[in-house]
Structures are given as structure tokens and as C-alpha cells.
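Examination of the molecular architecture
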Amino acid sequence: MSTASLTDRPRTDSPQLHPGLEGITLATTRMSRVDGEKGSLVIGGYPVEEIAPNATFEQVVYLLWTGRLPNGSGLDAFRNDLADRRRLPELAVQALREAVGRAAHPMDALRMAVAVADWPEDPAPRSGFDPSALAILARLPLAVAAFERFRQGQEPVEDVADPSLGYASAFLFALTGASPSEARVRALDTYLNTVVDHGLNASTFTARVIVSTRASLSSAILGALGALSGPLHGGAPGPALDQVVEIGRPERAEQVLRAKLQAGERLMGFGHRVYKVRDPRAEVLGRAARLLFQDGSATEQDRRLFALAQEVESVAIRLLDEHKPGRRLRTNVEFYTALLLHGIGLPSDLFTPIFAMARTGGWIAHAREQLEEGRLIRPRLLYQGPVHPSFP
Ligand code: ACO
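Residues numbered from 1 in each chain as written. Predicted model: local features only at pLDDT ≥ 70, side-chain atom pairs only at ≥ 80, totals over all residues. Heavy atoms only, no water.

Here helix α3 (residues 57-66) crosses helix α7 (residues 131-151) at 150°, and the two axes come no closer than 14 Å. It follows that α3 is roughly antiparallel to α7 by the angle criterion. Where α3 crosses over α7, the handedness of that crossing is right-handed. For the pair α3 and α7, contact is made by Phe57, Val61 and Trp65 and by Ala133, Leu134 and Leu137, respectively. For the contact of α3 with α7, a count of residues per class yields six nonpolar, no polar and no charged. (Axes fitted to C-alpha atoms, helices over the stretch in contact; angles between N-to-C directions. Helix = DSSP H or I, 4+ residues; strand = E, 2+ residues; numbered from the N terminus. Parallel < 35°, antiparallel > 145°, perpendicular 65-115°, else oblique. Left-handed = near helix turned anticlockwise from the far one by under 90°. Contact = heavy atoms within 4.5 Å. Nonpolar A, V, L, I, M, F, W, Y, C, P; charged D, E, K, R; others polar.)

Our focus in this paragraph is the pattern of salt bridges. Scanning the entire structure with this criterion turns up 28 salt bridges. With a closest N to O distance of 3.0 Å, Glu155 and Arg97 form a salt bridge. On the criterion of sequence distance, the pair formed by Glu155 in the loop between α7 and α8 (167-176) and Arg97 in helix α5 (residues 90-101) is long-range, its members being 58 residues apart. Residue class for Glu155 comes out partly exposed when judged on its relative accessible area of 46%. Among the residues examined, Arg97 registers a relative accessible area of 39% and is labelled partly exposed. (Salt bridge = Lys/Arg side-chain N within 4 Å of Asp/Glu carboxyl O. Buried < 20%, exposed > 50% of the residue type's maximum accessible area, 1.4 Å probe, protein only.)

On to helix α10 (residues 202-212). Of the positions making up α10, those classed as buried are Ser203, Thr204, Ala207, Arg208, Val211 and Ser212. The inward-facing, buried residues of α10 abut α11 (217-228) and α17 (351-373).

A separate point is the confidence of the model for the protein. A residue-level look at the protein finds 96% of positions with pLDDT of 70 or above and a mean pLDDT of 93. Counting contacts from residues 1-12, a segment whose pLDDT is below 50, to residues more than four positions away or on other chains yields nine contacts. (pLDDT = per-residue confidence, 0-100.)

A separate point is the pairing of strand β1 (residues 32-35). Walk down a regular strand and you will see the side chains alternate between the two sheet faces. Across four bridges, β1 lies against strand β2 (residues 40-43) in antiparallel orientation. Note on β2: the bridge partner recorded for Asp35 is Ser40. Two successive antiparallel strands, β1 and β2, enclose a turn made up of four residues, where Gly39 displays a positive phi of approximately 70°. (Pairing = 2+ DSSP bridges.)

On to the site of the ligand, then. Not every one of the 16 residues close to the ligand is listed here, only the nearest: Leu267, Gly269, Phe270, Lys324 and Asn332. Interatomic distance of 2.8 Å between a backbone N/O atom of Leu267 and a nitrogen atom of the ligand. One of the side-chain N or O atoms of Asn332 is found 2.9 Å from an oxygen atom in the ligand. Bound to the protein, the ligand loses 68% of the 920 Å² it would expose on its own. Broken down by class, the residue content of the shell around the ligand amounts to seven nonpolar, four polar and five charged. (Near = heavy atom within 4 Å. Polar contact = N/O pair within 3.5 Å; in protein donor to acceptor, adjacent residues only side chain to side chain. Areas by Shrake-Rupley, 256 points an atom, 1.4 Å probe, with all protein chains shown as cover.)

Here's what the structure looks like:
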């Protein structure tokens, strides 16, 4: 079907309403395919189970931005471009310091920093990518790291521009000032790859709407960050971890979860609007968490937490089947996201900013795709107010 026939609907006095735009197809895409019945997710042409645990985040972003995996020199140019931009503009540093002083929410702080992320004059890109896209992608993790360090009473880590540091390791280095273990870097790459893109979710739609007006890429990313911050989108991964911690011991899982269901509460990390089977991202992140928590550097406490989470998952599925027979409420992406990011050593209120680091790769790819498509996004509303013949 042509784009024009999807968007140029004839004017009518009684248009069909689509609350939430559910069931509306906006455009074609080559970024990701989500199949909620089969529980499959394809990212840039590869099943998430294949690409997420095996690729680096830079490879996946390159794939989404260009439609092909990078060769050696293409990847080097991209990595060098990112490394060249790994320093925060002074204005962003000031904004983050001020945000911490005012106890701002991390996502609000991030918006302030991203607003000026592409202001400095940078060297010409070697990869051929848009300088603004490179600046935003490279500096967003530095902003998250600097925010956390200010909160801990520390200064940002200097000298993170070493091109041998990948995206995930540069972030962990900027956060802690120490070289991260390979297991942590692999776990973070797997997480970032798993959530880089997921169809036309609210933040991706926001980014596409904004660039469709020919506004700047930076405006699109700011809008997308705002959309992502809401609790119905990216704002609620922490509670899934809180729930596991609250249960505390495997033998308490049934009693605590049953009480929650009886009280009408929802079990965090279960159920999904699109997936009617286990979210494929939960599978990938569950495996990544297992690898991380079995790594030699994992503590006994971490290992116990992972075993507890597995018990919580199986009890929750059993109780949800009893509670809502036929509804097929299964584990969603949030459950193992929380566990994996906690295992990497990240504080739970940074989970959404770290989700944003991943999605920025996807948002930029969608912005490019939307501009190629070129059509201003402009749905209509049905007016249902009065019409007075004169004023007043
Ligand atoms: N625990 C208990 N009951 C649930 C759960 C749950 N996790 N999820 C759905 N239900 C129940 C609902 O109460 C509803 O019951 P009702 O028909 O008696 O009202 C029924 O199952 C159907 O639920 P819906 O809300 O229609 O399911 P929907 O597909 O709209 O909601 C959602 C999906 C919001 C994710 C929901 O499953 C939920 O709230 N889960 C818990 C929170 C969570 O894990 N959020 C992260 C989601 S992942 C993501 O969005 C990236």
C-alpha cells in the first residue's frame, strides 16, 4: 500500500475514531518487527535472541542507522566518532550539577543535558553520520554518569575519550572511574541491544512526529525522552525489583504474591499489551542475567537474588493463570531488566535513563526513516463541543 493511501484519508463528517491510534499503521519500517502472538521480535532483520547477546551496541546502532552491519573500517570510524565526542559541554555539566542540587528526577536532569549535547563544535565525522546524532548518542551516557557521580559527591570522570572503550564500557567507566569486567560489559551490551527498538511505541512515535515537522533531531530526542519518562512506558522498571526484594525468601513467594492479587494489585514484571506469550526480551535478558549472576565476580548475595527471582517468576505465572485463566499473563521485559541492571551494579532510579541510552539509537534511526518518508504526521480530532452562532 502506498504511503499516500495510508495518510490521505478522505474528509468525512463522521470519521472512525481510533483512541490511542490502536490498529493504525503509520508507515513501513526496517527497524523492528514485533509479533505479540508468536512472541517474536526481529531487530534490524535479526531475531533478538541472535543479535542481542552477540553484537555490541555500536554494531546494532550502525545496523539500524544504515540497514547493514558495519565492516571493520566502518565500525572503527563510528567508534572513533563516538569517542571524539565523549566530553560533556560545560553547560550540560552545570545543568546536571544544578539538577542534583535541587534533587531533580534523573530523567529531568537528562533532558537538560541533552538539550545542549550537540552544541560544541566537533571534528568532522569520519563515519558520515549526522554530527548531531553522533553528539547526542555519545554524550547521553556521560550525562547519566555525571548525574550519578554528582549525587555521590564526586566529580565526573575525566578522559573517557579512549576509542578502545566501547559504548557500554565507556558508560561504566564514566560511572565508576574503574575498568568494568567483561561480564558486566557483555551484560550491558545485551540489555542495550534488546531494548534498542520495539515498533511504534510512544517515545518512538513522539520522535517521528517531531522530525516530521522538520524540527531538529535534538528536539525529537528531547520529546522522546519526555514520553519515555512516564510510568506507562519506561518509567516503571524499579518496582519489579522491589517486589522480588520485598519477597526476600523463596518460601515467601506464594504467600506475598497471592496476597497482592487478592488485594487487587498487579504483579510487576508480568503481562503485556502486545505479547500474549512470554516477552522474547524477557527470555534474552533472563539468559543474560543467568550468565552475569553465575560469573566468578558475582557475590553470594547476587546468586541468591537470582535464584529468588526465578522462584518468584514461576510462582507468579502459576498464580496469574489461576487468577486470570486464559488471559496468558506472562513475564515481560521489565522483570529481568531490573535484575540484570541491578546485577551490573546500577541504581534502580537510573534504569529509565539507561533505557533511554539504548532507545536513543532507535529514535535516531526512526528519525532518519521518517525524514526519508517525508510526510508531516497530522491526525485529526472529532470536535464535539458546542457551536455558538455569535460571541458572546
Ligand atoms: N498482575 C495481575 N493482574 C494483571 C496483570 C498483572 N501483572 N496484568 C494484567 N492483569 C489483569 C488485569 O487486572 C485485567 O483484569 P480485569 O480484566 O479483571 O480488569 C486483565 O489482567 C487484563 O489486563 P489489561 O490491563 O487489559 O492488560 P493490558 O494488556 O492492558 O496491560 C500491562 C498490560 C499494563 C503491562 C499490565 O499487564 C500490567 O499492569 N502489568 C504490571 C506492570 C508491568 O509489568 N509493567 C511493565 C510492562 S512492560 C512494558 O510496557 C515495556
